[in-house]
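# Per-entry structural report
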Amino acid sequence: MMVRVLGCLLLSAWIGHAAQARDYAYSDAHLHYVDFFQETEGMPALIEAMDRAGIEHSMISGIPVAKKWHEDEPKRPRYYAGDDADAYWYSATDLYVAAALEKLPAEQRRRFHPFLTGFNPVDKNAVSHIERMLELYPGLWQGIGEVFTRHDDLTALTSGDTPRANNEAMTRIYHLAAERDLPVLLHSNITSKRERNPLYLAEIEEPLRNHPHTRFIWAHAGTSMEIHRHQTQMDFLLPVLTRLLEDYPNLYVDLSWSVLTPYLLDERGVPRKAWIDVVVKHPQRFMLGSDVVGKFGGLGEQLHGFRPFLDALPEEVANKVARDNFLAVLPRR
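Residues numbered from 1 in each chain as written. Predicted model: local features only at pLDDT ≥ 70, side-chain atom pairs only at ≥ 80, totals over all residues. Heavy atoms only, no water.

### Comments concerning the overall build of the protein chain
A count of helices and strands for the protein chain gives 15 helices and 10 strands. Here the C-alpha radius of gyration of the protein chain, 19 Å, is about what a compact globule of 333 residues would show, namely 20 Å. Its C-alpha atoms put the protein chain at 60 × 45 × 45 Å along the principal axes. Within the protein chain, buried positions represent 57% of all 333 residues. The long-range share in the protein chain, meaning contacts at least 24 apart out of those at least 6 apart in sequence, stands at 81%. Of the roughly 14800 Å² of accessible surface on the protein chain, a fraction of 51% belongs to carbon and sulfur atoms. Within the protein chain, one finds 36 positive and 45 negative side-chain charges whose respective centroids are separated by 2 Å. (Helix = DSSP H or I, 4+ residues; strand = E, 2+ residues; numbered from the N terminus. Rg over C-alpha atoms; globule rule 2.2 N^0.38 Å. Buried < 20%, exposed > 50% of the residue type's maximum accessible area, 1.4 Å probe, protein only. Contact = heavy atoms within 4.5 Å. Areas by Shrake-Rupley, 256 points an atom, 1.4 Å probe, with all protein chains shown as cover. Lys, Arg positive; Asp, Glu negative; His and termini not counted. Charge placed at Lys NZ, Arg CZ, Asp CG, Glu CD.)

Next up, the structure:
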């Protein structure tokens, strides 16, 4: 027992020393320019927040759905979960992102890496929308996503069929992504709110297996806020993730905020050794994302929250996770 306590104290002291010694530059691998009402604080606010937080590069996308303010609701909801009104697929979100980027000077535009997201993932016509957008803005788009497939309460609220990462419409998109060298950022929950097993694992694993030439970024490593509310921690998550990383070299993992606690850090804020080990074993496969939606004041807080975990990694690996791995997964052009 004494040895374990002493080990924890030494680890904490080393992490504290590393935190003072290191200064990270960041890439944000998961950022939404608009919120669920397709509104935004705007590009000046985003650039100011990035500069303040030391974020050199950022993925940028819209939100593929818009939340409805229902006729029967006297007050406008503030979030998609604010009431029981539907959300609906909204293609104009890509145009908002493109228009904002086109107004920037070239030196600022180079910091942003736009992903296409304004399509219905259960519609086999979706691939045609993506092709049209690639032709309409040649050379602009650098990825596809965040694609909303299995997404707990948002799935239940969104009009139409339940989207799955392994349906035929998405298969067409994965083929196009491989042809155009575009990574796909995919939200696909590993389970439901109440099932304590990897209920939906096949929905993410089938595309990984069937599309080896498509690079997949798994948003939140299959977790979500709603899952955490009902299941504080999924004991099966890390073993499943470890196997997937070993079996599929086309899998990359977005460690955005819902993975930070209770997975990367314990209740005391101390990095978990098992997660450190898997990142060290796969140093090029993990990246950080803020997952902010239209408001950017908390951008630095989201990414800097990973500092204790980064400081517990070897410095070279930490720099890859903080900045380089996201840039490396982008189109090779």
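### Some remarks on helix 2 (residues 43-53)
When we look at burial in helix 2, the residues that qualify are Met43, Leu46, Ile47, Ala49, Met50 and Ala53. Buried residues of helix 2 fall within an arc of 160° about the axis and therefore sit on the same side. Residues of helix 2 that are exposed and point over 90 degrees away from its buried face: Pro44 and Arg52. Contact partners of the buried residues in helix 2: strand 1 (26-28), strand 2 (55-60), helix 3 (93-102), helix 4 (106-109), strand 5 (112-116) and helix 13 (299-304). Once helix 2 ends, the next one or two residues include Gly54, with phi positive near 75°. (Arc of directions from axis to C-beta.)

### A closer look at the nonpolar core
One finds Met43, Leu46, Trp275 and Leu310 to be the most contacted residues of the largest nonpolar core, which totals 93 residues. Discounting residues that sit within four places of it in the chain, Trp275 has contacts with Leu237, Leu238, Leu241, Val259, Tyr263, Leu264 and Phe309. Listed in part, the 11 residues of the second largest apolar core include Ala29, Met59, Tyr252 and Phe326. (Core = buried A, V, L, I, M, F, W, Y, C linked by side-chain atoms within 4.5 Å.)

### Things to note about the environment of Gly118
Looking at the secondary structure, you find Gly118 in the loop between strand 5 and helix 5 (126-136). It is 8.7 Å that separates the C-alpha atoms of Gly118 and Val147, two residues lying 29 residues apart in sequence. Apart from residues lying up to four places away in sequence, Gly118 is in contact with Tyr90, Ser91, Thr93, Asp94 and His129.

### Overview of the UniProt feature "domain: Amidohydrolase-related" (unreviewed entry) in the protein chain
Per the UniProt record, "domain: Amidohydrolase-related" (unreviewed entry) is annotated on residues 28-329. Counting secondary structure, residues 28-329 comes out at 41% helix and 13% strand; the distance between its end C-alpha atoms is 13 Å. (UniProt positions renumbered as here; feature names shortened; annotations may be inferred.)

### Quick look at the side chain of Ser188
Relative to the assigned elements, Ser188 resides in the loop between strand 7 (184-187) and helix 8 (201-210). With residues up to four places along the chain from it excluded, the contact list for Ser188 reads Thr149, Arg150, Ala165, Glu203, Ile204, Trp218 and Gly222.

### Here's the deal with the pattern of salt bridges
Counting across every chain of the model gives 18 salt bridges. Among the salt bridges present, the one from Asp83 reaches Lys67, with a minimum N-O distance of 3.0 Å. Within this pair, whereas Asp83 is found in the loop between strand 3 (65-67) and strand 4 (87-89), its partner Lys67 is found in strand 3, the two being separated by 16 residues in sequence. When sorted by exposure, Asp83 lands in the same class as Lys67, which is buried. A salt bridge links Arg243 to Asp247, with the nearest nitrogen and oxygen atoms 3.1 Å apart. Highlighted residues: Arg243 and Asp247, both in helix 10 (residues 237-247), separated by four residues, approximately one helical turn. Taking the relative accessible area as the measure of exposure, Asp247 reaches 41% and is therefore partly exposed. (Salt bridge = Lys/Arg side-chain N within 4 Å of Asp/Glu carboxyl O.)

### Here we look at the packing of helix 5 against helix 7 (residues 168-180)
Taken N-terminus to C-terminus, the directions of helix 5 and helix 7 make an angle of 25°; their axes are 9 Å apart at the nearest point. In terms of orientation, helix 5 and helix 7 fall into the roughly parallel class. The hand of the helix 5/helix 7 crossing is right-handed. For the pair helix 5 and helix 7, contact is made by Ala126, Val127, Ile130, Glu131 and Leu134 and by Arg172, Ile173, Leu176 and Arg180, respectively. Partitioned by chemical class, the residues of the contact of helix 5 with helix 7 number six nonpolar, no polar and three charged. (Axes fitted to C-alpha atoms, helices over the stretch in contact; angles between N-to-C directions. Parallel < 35°, antiparallel > 145°, perpendicular 65-115°, else oblique. Left-handed = near helix turned anticlockwise from the far one by under 90°. Nonpolar A, V, L, I, M, F, W, Y, C, P; charged D, E, K, R; others polar.)

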